[in-house]
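Secondary and tertiary structure notes
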Amino acid sequence: MSESFARRRVLAVLAAAAVLPVAACGGVKGGSDDAGSDYPTRAVNFTVPFAAGGSGDLISRAVAKAAEKPLGQSIVIANKPGANGAVGGKEVLASTPDGYNIALAVKSLFAITPLVVNDPTAIQPDKMEIVATLVQEDYVLVVNAASPYKTLEELVKAPSVKYATAGVGTGGQLSQALLFKGAGTTATDVPFDGGAPAVTALLGRQVDAMSGSLAETMEHIKAGKLRPLAIFSTERSEFLPDVPTAKEKGYDVVVDQRRFIIAPAGLPEAVSTKLEQSFAEARKDPAYETFLKDNYMERWEVSDEEARQHLKDSATEFATLTQRFGLTFKS
Amino acid sequence: MDVGSVLSGFAVVFEPQNLLYCVIGVTLGMLVGVLPGLGPAATIAILLPITYNIEPTPAVIMLAGIFYGAQYGGTITSVLLRLPGEASTVVTALDGYQMARQGKAGSALGIAAIGSFIGGTASIILLTLIAPLVADAALEFGPAEYTVLALIGILLVATLGNGALIKSVTAAGVGLLLATVGLDPLMGSPRFTFGSDQLADGIDFVIVAMGLFGVGEILYNLEHRLRPQPAVLSFGRAIPRRMEWLASRMAILRGSVIGFVLGVLPGGGATMSSLVAYAVEKRAAKDSSRFGKGAIEGVAGPESANNAAATSSFIPLLTLGIPANATMAVLFGALLLQGIPPGPQLIVDHPDVFWGVVNSMYLGNLILLLLSIPLIGVFVRLLRVRAGILAPLTVLVTMIGVYSIRNNAFDMFLVIALGILGYGMKKLGFEPGPFVLAFVLGKLLESSFRRSMRLFDGDVLGFFRRPVSAVLVAVLLITIVVVPVLRMVRSRQAARIAREPSQV
């Protein structure tokens, strides 16, 4: 008898433990101040819609850590990967605009993903507020150090090029597709499951070239295993000053990745100001500065309107370019 | 290899701070390994912020400890509850769970721990001696080689089942189909996603394994609650008997080598290694019919292999800067945060980190062995818990684990749906093993094959032109054509001899 009683108690305690946190969350949510003048009164949830360990995760952790002090509350990171950031992003944008739910977002989701997938429920820019813009990451075209192609001119004249990409709808794919199409090269894209497998394939000379972010390629370039031929930015990168831009070489292909922080539209004025100021402060943090240098990321710090305009312009530009070259990523 | 830096690596390990973090790491790892679903990748990600304030070497020693410690812990739920939390422990569940039902849970876990220790240690020795060499060889593996390797794996999967071959093949086929859910890996078009983002990246392996094995098994057992349960009277002992040791020592050795070699390959190396080790043991056994019914070699081989693979999967990360699996990807991030970019220069620029981490694994494996043997006695008592309590607790732990993968409630519904499927399969006599493994290998097979076709400009003969892939194709052909044909010829001869006297 007593044994079964004890067991029931254990179960009851477990059940209560399961219910408690839920109840606690509900209570706090209901109590939040509409005007947001005392924001923040509790921890802020920062959704990273990418897997742990990747560039998107690392930059989020770096900036969140620096923003905790000016914000006066802790920032809790949760990884919620899926569909190039769409899964986590949509969820945060569907939440109450109270400043307690923010998310990292990337340019490619707005500028490249629409070229690849038809998503009627895609995030509409007017549903979000951009509380901080963070970084710009350039794509660099690399070949294996043992490759016979020493320059961009030699590569585009090759009889056939097999190029690796980090996947469908990535900047690496778009930049190479536009370049080789523009140069009239017979080229086949071979999408891999992320940047690291694509770099691996190039290191093993399974493919002829790849375009990847500096974070993915720089260590191999430094070690002399990969050779950079061109960079797909408007100006040369501070990290690779000797590498010409594709533009200099006569191919007007500018593709980059940009990362920023979003919140659902309709934040109270005080909340949005507090968030903007806190992240502006965080970007001045010396540890954040070191992080950017170590990870070959360049600062991109503009206003909400400028950022929106940039996303819009890039989306139009990419759509026009792919159309002009007759490229289709949709199937 | 520079002997001096190897030795100074040992000095690094024995610094009190590093010793402490090693112990913390492996203990934590073992604990999260026991919780199905909460894998090492998630744990390391959670601990990333803490490592900010620790020096690089102890930080990485601790995080690495979590990874290989989890391999020890993962076996426990695989054997006791048939809940494989990692693809590489799926095959352990086949015979391990049967052993547990026969009251030999202690032996199964004991041999797994010893096998893991030997496999892990052998792999570190090989890593120390030939890491850079092996790393370069791994680069020779391109899409073509992965295609053939995955094909071999799927063939092995089909032979895993205990029952009718046709049922194993069917289960494997459905597993392959389920692997196609998500965005097409080469075109990006959504397949079977029903317009939802939730399925865009496909279904996580853990969800499939937890659903089919764990939840399916629980549902099945609930139905049988009214019937007399096979009482588990004894658990056996954790130190294997002489007979058991004799039966498994060769399996452990073979498993260690297989694990080391395949673990180096980025993407699915550990899973393939446990699968290959199991198949090799089944072939090597005099009486292969024991497999799937509690053969100790079926636990010893794969467990040695997956631990050896866990260790050798550090090779691409530390020597090339390539993360071989999800956990290595998080470790990659951890190194970056420490200001130590993983890459070819790591061993040159930071020999203390490299050798400190590598040598800490000797110690970590020893601690894990010492930790697991007494703990086995504690864990097996789980089996004594009444089903009415164990079942909801298992479901609860499963749900937490599944949720923790992507912090997504949708996945919890998915695991229930797959649990119902697993229940149905069990009722109809289909094995979840082939299904789950085919699911894992299916993604590898499809994307590698289609990448190969692009690289070969659509010419299938390309597979024969590359030396490594040609050898693998030969292995494949020998297994599926030559061996069965020989067997058929032999059995016909035997039949003829048997018939002849009656014809006279």
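Residues numbered from 1 in each chain as written. Chains lettered and ligands numbered in written order. Predicted model: local features only at pLDDT ≥ 70, side-chain atom pairs only at ≥ 80, totals over all residues. Heavy atoms only, no water.

This part takes up the overall build of chain A. A tally of regular secondary structure across chain A gives 12 helices and 10 strands. When contacts within chain A are restricted to residue pairs at least 6 apart in sequence, long-range pairs at least 24 apart make up 79% of them. For chain A, the accessible area works out to roughly 14,000 Å², and carbon and sulfur atoms hold 54% of it. (Helix = DSSP H or I, 4+ residues; strand = E, 2+ residues; numbered from the N terminus. Contact = heavy atoms within 4.5 Å. Areas by Shrake-Rupley, 256 points an atom, 1.4 Å probe, with all protein chains shown as cover.)

Consecutive side chains of a regular strand alternate in pointing toward one face of the sheet and then the other. Residue and element names in this part refer to chain A. Where burial is concerned, most of strand β8 (residues 226-231) is hidden: 5 out of the 6 residues are buried. For strand β4 (residues 128-144) and β8, the ladder comprises 5 bridges, and the chain directions are antiparallel. The residue bridging Asn144 from the neighbouring strand is Leu226, located in β8. (Buried < 20%, exposed > 50% of the residue type's maximum accessible area, 1.4 Å probe, protein only. Pairing = 2+ DSSP bridges.)

The next thing to look at is the confidence of the model for chain A. Residue and element names in this part refer to chain A. A residue-level look at chain A finds 89% of positions with pLDDT of 70 or above and a mean pLDDT of 86. Of all the helices and strands in chain A, helix α1 (residues 2-30) carries the lowest mean pLDDT, 41, while β8 carries the highest, 97. With pLDDT under 50 throughout, residues 1-33 is counted as low confidence; its partners more than four residues away or in other chains account for 6 contacts. (pLDDT = per-residue confidence, 0-100.)

All names here are of chain B. The domains assigned to chain B are domain 1 (3-465) and domain 2 (466-504). Between the C-alpha centres of domain 1 and domain 2 there is a distance of 34 Å. At the interface, 16 residues of domain 1 touch 11 residues of domain 2. Counting the surface lost from both domain 1 and domain 2, the interface buries some 1,200 Å², and carbon and sulfur atoms represent 72% of this. Where Glu145 meets Arg466, a salt bridge forms, and the shortest distance between an N and an O atom there is 2.9 Å. Our count for the contact surface shared by domain 1 and domain 2 stands at 5 residue pairs in polar contact (both at pLDDT 80 or more). Elements represented by at least two residues in the side of domain 1 that touches domain 2 include exactly α7 (143-158) and α20 (462-465). Here the side of domain 1 that touches domain 2 gets 7 residues from one element, more than from any other, and that element is α7. Classifying every residue of the side of domain 1 that touches domain 2 by side-chain character gives 10 nonpolar, 2 polar and 4 charged. (Domains from an automatic or database assignment. Buried area = accessible area lost by both parts, 1.4 Å probe. Salt bridge = Lys/Arg side-chain N within 4 Å of Asp/Glu carboxyl O. Polar contact = N/O pair within 3.5 Å; in protein donor to acceptor, adjacent residues only side chain to side chain. Nonpolar A, V, L, I, M, F, W, Y, C, P; charged D, E, K, R; others polar.)

This part is about the interface of chain A and chain B. At the interface, 44 residues of chain A touch 46 residues of chain B. The contact between chain A and chain B buries some 3,700 Å² in all, and 61% of this surface belongs to carbon and sulfur atoms. Between Asp457(B) and Lys162(A) there is a salt bridge, with its nearest N and O atoms 3.1 Å apart. Where chain A packs against chain B, one counts 8 residue pairs in polar contact (both at pLDDT 80 or more). Counting only elements with at least two residues in the side of chain A that touches chain B, the list comes to α1, α2 (55-71), β2 (75-79), α3 (86-93), β6 (187-191), α8 (195-203), α9 (214-222) and α11 (286-294) of chain A. Top element by residues in the side of chain A that touches chain B is α2(A). It accounts for 5 residues. A breakdown of the residues in the side of chain A that touches chain B according to their chemical character gives 21 nonpolar, 10 polar and 13 charged.

Next up on the list: the packing of helix α3 (residues 40-51) of chain B against helix α14 (residues 326-337) of chain B. All names here are of chain B. Running from amino to carboxyl end, α3 crosses α14 at an angle of 15°, the nearest separation of the two axes being 8 Å. When the interaxial angle is binned, α3 and α14 end up roughly parallel. Considering only the axes of α3 and α14, their crossing is left-handed. Across the interface between the two elements, Pro40, Ala41, Ile44, Ala45 and Leu48 from α3 touch Ala326, Thr327, Val330, Leu331, Ala334 and Leu337 from α14. Its residues assigned to classes, the contact of α3 with α14 shows 10 nonpolar, 1 polar and no charged. (Axes fitted to C-alpha atoms, helices over the stretch in contact; angles between N-to-C directions. Parallel < 35°, antiparallel > 145°, perpendicular 65-115°, else oblique. Left-handed = near helix turned anticlockwise from the far one by under 90°.)

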